[in-house]
Amino acid sequence: MTSSDKLDVVIIGGSVGGLACAHALLKTKSCKVTVFERAKAISAAGAGLGLGDEALEVLRSFGLSKELEAVTQPMPIETNRAVAPDGHVRQLYHDRAYNHCRQAYIPALHAILHWSELHRALLSALPQDIILWGTAVTNVEQESGSKYVVQAEAKQTGSGSDSNSDGVQRINVECDLVIAADGSMSDTRRRFRPDESRRYSGYCAWRGVVTDKEAPSAARAVREAYPELGRALYFDLAQDSHAVLYELPGQRLNWLWYINQPEPNLTGHSVTVKADDQKIEDMHERAAATFTPELAALMQATEAPFINAIYDREPLKQWVFGSIVLVGEAAHPTTPHALRSTNMAICDAGALGRCLAEHPKDLHTALDKFQQQRIACTAREVLFSRHLGRLKQSLDSAHDWFAADEDLCQSLGQANMADFSI
Ligand SMILES: Cc1cc2nc3c(=O)[nH]c(=O)nc-3n(C[C@H](O)[C@H](O)[C@H](O)COP(=O)(O)OP(=O)(O)OC[C@H]3O[C@@H](n4cnc5c(N)ncnc54)[C@H](O)[C@@H]3O)c2cc1C
């Protein structure tokens, strides 16, 4: 699988970060790309996320403007409120100019969309034969010289593969560059930073998406109580807890509820915790005692809500190890409060593509420039998001949001992101 005129690139992980890198590298016209994805097929999983102007610009440069227009909704307003179960509400921070770029790191315009629709848009515009689904990378070895061999295991057959009696195909691919887009539990990152561990945030998030059709009366009531839905991100702050509510295209209401709790016992590669009937019932009861009656009723009307344990990691000072480079969640796992994780992964891809295009004959300079451009700004975003989560969950000091002073109210805004430095 080597070609003399092009850089042979293997991407580990075919999620948003990996597929965005595939687009960016193919755009340079100087790369031949193979993507290994452990999952057997594209997933319909996930829920809502926000994209800022910079990430949208990168996606448009991949020729995805039309696809994005069909699945995104502009979200110009951020509003933070203190809420109580008797329906009492106090406005704490309301930013109508959220869509204006006042600081270098603030997205100029948030567009809201469903994770799986973004993933599908990226996938559908790529040559399908470059992605090997159901193929897990098991090892990366440096050969003599500058070449690497990526070893993977799959059920299906493919070129360069060895079939074994256990039915598993063992695939070896030689390449010049390995892009590790293998997520927050990245095996590649662990290989270079074996002693480092992820940091449990102190809370988990219940999440759900509910359509007006599925829950007409709950949706109607919530739209009356939250009149800026469709244009605003609502952050409802309660004691030691907060919820996020916004609308996705297609009359879908997306909510998250962060709850402080001990770290759950996770197995495998997923950060999703199984929500059994008892857990769901307890959540319904607690929602009614925490949030506005309308939001609690929406949570109660949601079919199949799920729980994500929330983690991040300390920012790394190095993402490039020889010709292996970490991108996306593998490079900078983050908590979700600044709506930056998918943005950062897409912006990584855009920057990597630009650096490779600028230095087509000098891979190491390109990779060096890439990490110089991306490490400091992503570290700021990870630390800002961590700070915002701890503030809204009252993890460092207890807050009575109904009595919050002006400084505390102002500190809730996402526009504070640029004040962070490392
Ligand atoms: C199914 C799914 C649903 C999500 N839903 C949401 C959402 O609703 N809202 C939101 O804000 N974010 C969501 N995210 C996460 C978020 O979108 C990520 O920040 C974004 O996808 C960019 O991360 P990434 O591509 O770097 O890593 P990830 O999205 O974590 O993807 C890593 C990929 O690498 C693959 N992989 C890992 N190890 C190997 C290996 N050894 N060999 C081959 N493949 C490997 C994994 O299967 C996975 O597909 C979701 C992620 C996934 C995978």
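Residues numbered from 1 in each chain as written. Predicted model: local features only at pLDDT ≥ 70, side-chain atom pairs only at ≥ 80, totals over all residues. Heavy atoms only, no water.

Under the annotation held in an unreviewed UniProt entry, the protein chain carries the name FAD/NAD(P)-binding domain-containing protein and is attributed to Coccomyxa subellipsoidea.

**Things to note about the overall build of the protein chain**
What the protein chain contains, in helices and strands, is 12 helices and 21 strands. Along the three orthogonal principal directions, the C-alpha set of the protein chain runs to about 70 × 50 × 45 Å. Burial statistics for the protein chain: of 422 residues in total, 56% are counted as buried. Contacts in the protein chain between residues at least 24 apart in sequence constitute 73% of all its contacts with a sequence separation of at least 6. Looking at the protein chain as shown, the accessible area adds up to about 18,000 Å², and 49% of this sits on carbon and sulfur atoms. Looking at the protein chain, you have 42 positive and 53 negative side-chain charges, and the mean spots of the two groups are 3 Å apart. (Helix = DSSP H or I, 4+ residues; strand = E, 2+ residues; numbered from the N terminus. Buried < 20%, exposed > 50% of the residue type's maximum accessible area, 1.4 Å probe, protein only. Contact = heavy atoms within 4.5 Å. Areas by Shrake-Rupley, 256 points an atom, 1.4 Å probe, with all protein chains shown as cover. Lys, Arg positive; Asp, Glu negative; His and termini not counted. Charge placed at Lys NZ, Arg CZ, Asp CG, Glu CD.)

**Here we look at the sheet that holds strand 6 (residues 89-95)**
Sheet architecture is open: 8 strands sit in the order 6-5-15-16-17-14-19-18, paired in mixed fashion. In this open sheet, the two edge strands, each paired with only one partner strand, are strand 6 and strand 18 (272-273). Across 5 bridges, strand 15 (residues 232-238) lies against strand 16 (residues 241-248) in antiparallel orientation. Across the sheet, Tyr 234 pairs through a bridge with Leu 245, a residue of strand 16. Sheet strands touched by helix 7 (residues 277-288): strand 14 (199-211), strand 17 (252-260), strand 18 and strand 19 (306-312). Its angle to strand 17, the strand with the most contacts, is close to 90°. (Pairing = 2+ DSSP bridges. Axes fitted to C-alpha atoms, helices over the stretch in contact; angles between N-to-C directions.)

**Quick look at the site of the ligand**
Around the ligand lies a shell of 27 residues, among which Ser 15, Gly 17, Glu 37, Ala 47 and Trp 115 are the nearest. Between the ligand and Ser 15, the relevant distance is 2.6 Å, taken from an oxygen atom to a side-chain nitrogen or oxygen of the residue. Take Val 137: an N or O atom from its main chain is 2.9 Å from a nitrogen atom of the ligand. Burial of the ligand by the protein amounts to 81% of the accessible area it has alone, namely 920 Å². Among the secondary structure elements, those contributing two or more residues to the shell around the ligand are helix 1 (16-28), strand 3 (48-51), strand 9 (135-142), helix 9 (328-331) and helix 10 (341-358). Along the lines of polarity and charge, the residues of the shell around the ligand split into 11 nonpolar, 11 polar and 5 charged. (Near = heavy atom within 4 Å. Polar contact = N/O pair within 3.5 Å; in protein donor to acceptor, adjacent residues only side chain to side chain. Nonpolar A, V, L, I, M, F, W, Y, C, P; charged D, E, K, R; others polar.)

**Some words on the environment of Arg 390**
On the secondary structure map, Arg 390 appears in helix 11 (residues 363-392). What makes Arg 390 partly exposed here is its relative accessible area of 24%. Taking C-alpha positions, Arg 390 is 9.4 Å from Tyr 203, a pair spaced 187 residues apart along the chain. Excluding its chain neighbours within four sequence positions, the residues that come into contact with Arg 390 are Arg 199, Ser 201, Tyr 203, Leu 395 and Asp 396.

**Section: the packing of helix 7 against helix 8 (residues 293-300)**
Put simply, helix 7 and helix 8 touch, their axes get as near as 8 Å, and they point 170° apart. When the axis of helix 7 is compared with that of helix 8, the two are roughly antiparallel. Contacts from Met 283, His 284, Ala 287 and Ala 288 of helix 7 reach helix 8 at Ala 296, Met 299 and Gln 300. (Parallel < 35°, antiparallel > 145°, perpendicular 65-115°, else oblique.)

**So, helix 2 (residues 53-61)**
Along helix 2, the residues classified as buried are Ala 55, Leu 56, Val 58 and Leu 59. On an axial view of helix 2, the arc spanned by its buried residues comes to 160°, and they lie on one face. Where helix 2 is buried, its residues meet strand 3, helix 3 (65-71), strand 7 (111-114), helix 4 (115-124) and helix 10. (Arc of directions from axis to C-beta.)

**A closer look at the side chain of Arg 199**
Secondary-structure assignment places Arg 199 in strand 14. Here Arg 199 is in contact with Ile 310, Tyr 311, Asp 312, Glu 314, Thr 335, Arg 386 and Arg 390, once residues within four sequence places are set aside.

**Description of the sheet that holds strand 2 (residues 31-36)**
Pairing within the open sheet is mixed, and its 6 strands lie in the order 8-2-1-13-21-20. A strand with exactly one partner marks an edge of an open sheet, and here the two such strands are strand 8 (131-132) and strand 20 (320-321). Both strand 13 (residues 177-180) and strand 21 (residues 324-326) contribute to a ladder of 3 bridges, which runs parallel. By the bridge assignment for strand 21, Ile 179 is matched with Val 325. Its contacts with the sheet put helix 11 on strand 1 (7-12), strand 13, strand 20 and strand 21, and the angle it makes with strand 21 is roughly 15°.

**What to know about helix 4**
Taken across its 10 residues, helix 4 has 7 buried, putting it largely inside the fold. Of all the positions in helix 4, only Trp 115, Ser 116, Leu 118, His 119, Ala 121, Leu 122 and Leu 123 are classed as buried.

**Things to note about the pattern of salt bridges**
On inspection of all chains with the given rule, the structure shows 17 salt bridges. Its salt-bridge partner being Asp 312, residue Arg 199 comes within 2.6 Å of it at the nearest N-O pair. Of this pair, Arg 199 sits in strand 14 while Asp 312 sits in strand 19, placing them 113 residues apart in sequence. Taken individually, Arg 199 and Asp 312 each receive the classification buried, so the pair is uniform in this respect. (Salt bridge = Lys/Arg side-chain N within 4 Å of Asp/Glu carboxyl O.)

**Quick notes on the domain arrangement of the protein chain**
Domain parsing of the protein chain yields domain 1 (7-49 + 119-196 + 314-387) and domain 2 (63-112 + 198-312 + 394-419). Opposite the 25 residues of domain 1 that make contact, domain 2 presents 32 residues. Across the domain 1/domain 2 interface, buried area totals approximately 2,400 Å², and carbon plus sulfur atoms make up 61% of it. For the domain 1 face of the interface with domain 2, the top three residues by lost area are Met 185, His 337 and Phe 384, together amounting to 25%. Put simply, Arg 386 and Asp 312 hold a salt bridge, and the shortest N to O gap is 2.9 Å. (Domains from an automatic or database assignment. Buried area = accessible area lost by both parts, 1.4 Å probe.)

**A short note on the pairing of strand 6**
Of the pairings in the sheet, the one linking strand 5 (residues 77-83) to strand 6 comprises 6 bridges and is antiparallel in character. In the strand pairing of strand 6, Asn 80 is matched with Tyr 93. Connecting the antiparallel pair strand 5 and strand 6 is a turn made up of 5 residues, with Gly 87 showing a positive phi of about 95°.

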